[in-house]
Number of protein chains: 4
Amino acid sequence: MERLTTAEAETIRDAAKAKILEMGAKMSVAVVDERGDLITMVRVDGAPWRTPRICQAKAVASAAFGRSSKDMLEMAQTPVMRGLMAMENGRMIPGQGALPVFKGDELVGAVGGSGGTAQQDEDAARAGIQAVAGLTTVD
Amino acid sequence: MERLTTAEAETIRDAAKAKILEMGAKMSVAVVDERGDLITMVRVDGAPWRTPRICQAKAVASAAFGRSSKDMLEMAQTPVMRGLMAMENGRMIPGQGALPVFKGDELVGAVGGSGGTAQQDEDAARAGIQAVAGLTTVD
Amino acid sequence: MERLTTAEAETIRDAAKAKILEMGAKMSVAVVDERGDLITMVRVDGAPWRTPRICQAKAVASAAFGRSSKDMLEMAQTPVMRGLMAMENGRMIPGQGALPVFKGDELVGAVGGSGGTAQQDEDAARAGIQAVAGLTTVD
Amino acid sequence: MERLTTAEAETIRDAAKAKILEMGAKMSVAVVDERGDLITMVRVDGAPWRTPRICQAKAVASAAFGRSSKDMLEMAQTPVMRGLMAMENGRMIPGQGALPVFKGDELVGAVGGSGGTAQQDEDAARAGIQAVAGLTTVD
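Worth saying up front: this structure is predicted, and the values here are computed from it rather than measured. Per chain, the residues get numbers from 1 upward, laid out in the order the sequence is written. Starting at A for chains and at 1 for ligands, labels are handed out in the order in which the entities are written. Restriction of local features to residues with pLDDT of at least 70 applies here, the model being predicted, together with a cutoff of 80 or more for giving and counting side-chain atom pairs; totals for whole chains, interfaces and linings are based on all residues. Side-chain metrics rest on all non-hydrogen atoms present in the structure, leaving aside hydrogens and water.

**Focus on the pattern of salt bridges**
When a carboxyl oxygen of Asp or Glu lies within 4 Å of a side-chain nitrogen of Lys or Arg, that pair is called a salt bridge. Counted under the stated rule, the structure contains 40 salt bridges over all chains. Here Asp121(C) makes a salt bridge to Lys58(C), at a shortest N to O gap of 3.0 Å. Taken as a pair, Asp121(C) in helix 5 (residues 118–130) and Lys58(C) in helix 2 (residues 50–65) lie far apart in primary sequence, 63 residues in all. Both residues of the pair, Asp121(C) and Lys58(C), belong to the buried class. Between Arg126(D) and Glu122(D) there is a salt bridge; the shortest N-O distance is 3.2 Å. Of this pair, Arg126(D) and Glu122(D) both sit in helix 5 (residues 118–130), four residues apart, which is roughly one turn of the helix. We note that Arg126(D), like Glu122(D), is buried. For helices the rule is a DSSP run of H or I covering at least 4 residues; for strands it is a run of E covering at least 2, with both sets numbered from the N terminus onward. For every residue, the accessible area obtained with a 1.4 Å probe (protein chains only) is divided by the maximum for its type, and the residue is called buried under 20%, exposed over 50%, and partly exposed between those limits.

Listed below in structure tokens is the structure:
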């Protein structure tokens, strides 16, 4: 079974943060393992207090289903997603801005952004994942 | 009052699991009593962590109303169902993939699947129930 | 990284159940992975509805800390355990009757019993773990 | 009003992580602002899933009161602390291993560790704070 290492997660975090600063956004970004537990995260100066919670919750949803942000949005009103959101006390948000992370065929985690536009949130997550050779995500 | 015995629930579980493996799916299946409490469940190798929670929550919804998966979906947006989902902290999911179990006219439990397509989830539940003589479910 | 397979968890479950019947207890037993998510469980005829919930919650606590039942009890009043219990909405119970499961040096899950005396709960968990060659637990 | 910057929090995080690796511990460390919201955190390879939650919750308690770990423990059974823990659903843990962070006289945040001994948790937090000129903590 493959795992996302701390070193890989740190590279994702720092590359996503560089993208955030380049875009001039006020965001947080979180990297979670395949079970949705935090490995690392960072909030840039000026990003609202809500963003650490939201970026993590988006990453949890993406890791739980191993699916793209667009699919997450489509699932948001399903009974399954509403049930899981309640079981997790809201700590699972099926919104755009998070992407699953794969090593080969295996889901190893997810990256979520919050605080920018939905597209910026996703762009930061993608930039982070692309910074690590051997990791892939969905389109 | 009729009851689902542990032996019957185990036969349901193992027959549902055989169907899951035959379909090549990565699923969990749960058997609950008429009150929605677990009698037995199993998760096959490689099935995501969300599936034990979801299959149980679907079975809870099915047992609570003694109705088919399709009816469950139709009820998902009703105030009654939304209220119950909140009371149970999400641990009741009115989604396809669970079937009620009857002995004669009496509701004695439900079986829920999660991790496959909605049809696979229901097929596994049905295969389980059909493995025990004297138990019936809805179409 | 090692994992507890479904086949191993089923052997644990069935051996624990055999021990429960031998003791004449009315119990449930749950096998969870290292993250506390259910792999399989069973409740014997006549065991109270509370027992599936409690045996799982004990196993969650044991898996979270990789420690023995006795240690769990000693930790029950610590702020850390009280905080985690609240975060998990009570679904983590530091009580006697659960044991961690190791493959070599690696924690791969836990087994929890509920419904008997504290000693019977632990004895059932231990009998289950001892039924699988290559798995170990604490004294 | 003074604030802990992202750059300062990152220095704290990385210095605390260096101390964790030096001690050979399997820990997580979190840096929160004066409100208890995450700025950054990291979990080292092999640290249990419970540690990201616990280190953050300890830091929340320390930031909420601006006090030392020892004081936190003494407060654990007070009605105020028990009430706050419940309001926060457990996400505030008054346990040793977190230290408040000051700029001059002003409380600007806290650092919490989890996964080592209580002393290691606190040592990692202290090493992090000491890595930034101009920041102080309590003895």
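**Notes on the sheet that holds strand 4 (residues 106–114) of chain C**
In sheet architecture, strand pairing relies on hydrogen bonds along the backbone and comes in two forms, parallel and antiparallel. When DSSP finds at least two bridges between two strands, those strands are taken to pair. If you walk across this open sheet you meet the ten strands as 5(B)-3(B)-4(B)-1(B)-2(B)-2(C)-1(C)-4(C)-3(C)-5(C), and the pairing is antiparallel. Unpaired on one side and paired on the other, strand 5 (135–136) of chain B together with strand 5 (135–136) of chain C mark the two borders of the sheet. By the bridge criterion, six bridges tie strand 3 (residues 98–103) of chain B to strand 4 (residues 106–114) of chain B in an arrangement that is antiparallel. Note that in strand 4 of chain B the partner of Pro100(B) across the bridge is Ala110(B).

**Things to note about the relation of the copies chain C and chain B**
Here chain C sits on chain B after a turn of 180 degrees about the axis and a move of 0.1 Å along it, with an RMSD of 0.1 Å. In the structure described here, the two chain copies are related by an operation that fits a two-fold rotation axis. No C-alpha of chain C approaches the rotation axis more nearly than that of Met41(C), which lies at 2.8 Å. A residue counts toward the fit only if its pLDDT is at least 70 in both copies, and the copies are then superposed by least squares on the C-alpha atoms of those residues.

**Side note on the interface of chain D and chain A**
Often, the extent of an interface is quoted as the loss of accessible area on bringing the components together. At the junction of the two partners, chain D supplies 19 residues and chain A supplies 19 residues. What gets called buried area is simply the loss in accessible area from a 1.4 Å probe that two parts show on being joined, summed for both. Roughly 1,800 Å² is buried in total at the junction of chain D and chain A, and carbon and sulfur atoms are behind 35% of that figure. Linking chain D with chain A are six salt bridges. The partner of Lys17(A) in a salt bridge is Glu10(D), with the nearest N and O atoms 2.8 Å apart. Polar contacts, as counted here, are pairs of nitrogen or oxygen atoms within 3.5 Å of one another; within protein the pair requires one atom able to donate a hydrogen and one able to accept it, and residues that are adjacent in sequence qualify only if both atoms are side-chain atoms. Summed over the shared surface of chain D and chain A, the result is 17 residue pairs in polar contact (both at pLDDT 80 or more). Those elements giving two or more residues to the side of chain D that touches chain A turn out to be helix 1 (6–23), strand 2 (38–43) and helix 2 (50–65) of chain D. Here the element with the most residues in the side of chain D that touches chain A is strand 2 of chain D; it accounts for six residues. Note that Gly is not counted as nonpolar here; it falls among the polar residues with everything else outside the nonpolar set of Ala, Val, Leu, Ile, Met, Phe, Trp, Tyr, Cys and Pro and the charged set of Asp, Glu, Lys and Arg. Considering only residue class, the side of chain D that touches chain A consists of seven nonpolar, three polar and nine charged. Contacts: residue pairs with any heavy atoms within 4.5 Å of one another.

**As for the packing of aromatic side chains**
Note on aromatic contacts: the rings of Phe and Tyr and the six-membered ring of Trp form a pair at centre separations within 6.5 Å, being stacked when their planes are under 30 degrees apart, edge-to-face when over 60 apart, and tilted otherwise. Counted by the stated rule, this structure contains zero aromatic pairs over all chains. Look at NZ for Lys and CZ for Arg. If either is within 6 Å of the ring centre and within 35 degrees of the ring normal, a charge sits over the ring. The ring centre of Trp49(B) lies 3.7 Å from the NZ or CZ of Arg35(A), which sits over that ring.

**Observations regarding helix 4 (residues 79–87) of chain A**
The element helix 4 of chain A is extensively covered by neighbouring structure, given that seven of its nine residues are classed as buried. Taken as a whole, helix 4 of chain A has its buried residues at Pro79(A), Val80(A), Met81(A), Arg82(A), Gly83(A), Leu84(A) and Met87(A). Here the buried face of helix 4 of chain A lies against helix 2 (50–65) and helix 3 (69–75) of chain A together with helix 2 (50–65), helix 3 (69–75) and helix 4 (79–87) of chain B. Count one or two residues on from helix 4 of chain A and you reach Asn89(A), which has phi positive near 55 degrees.

**Quick word on the side chain of Lys58(B)**
Given the relative accessible area of 4%, Lys58(B) is considered buried. Engagement of the side chain of Lys58(B) in a polar contact is seen with the backbone oxygen of Gly113(B), the distance being 3.1 Å. In this structure Lys58(B) touches Val80(A), Ile93(B), Gly95(B), Gln96(B), Gly97(B), Ala98(B), Gly113(B), Ser114(B) and Asp121(B), once residues within four positions along its chain are discounted.

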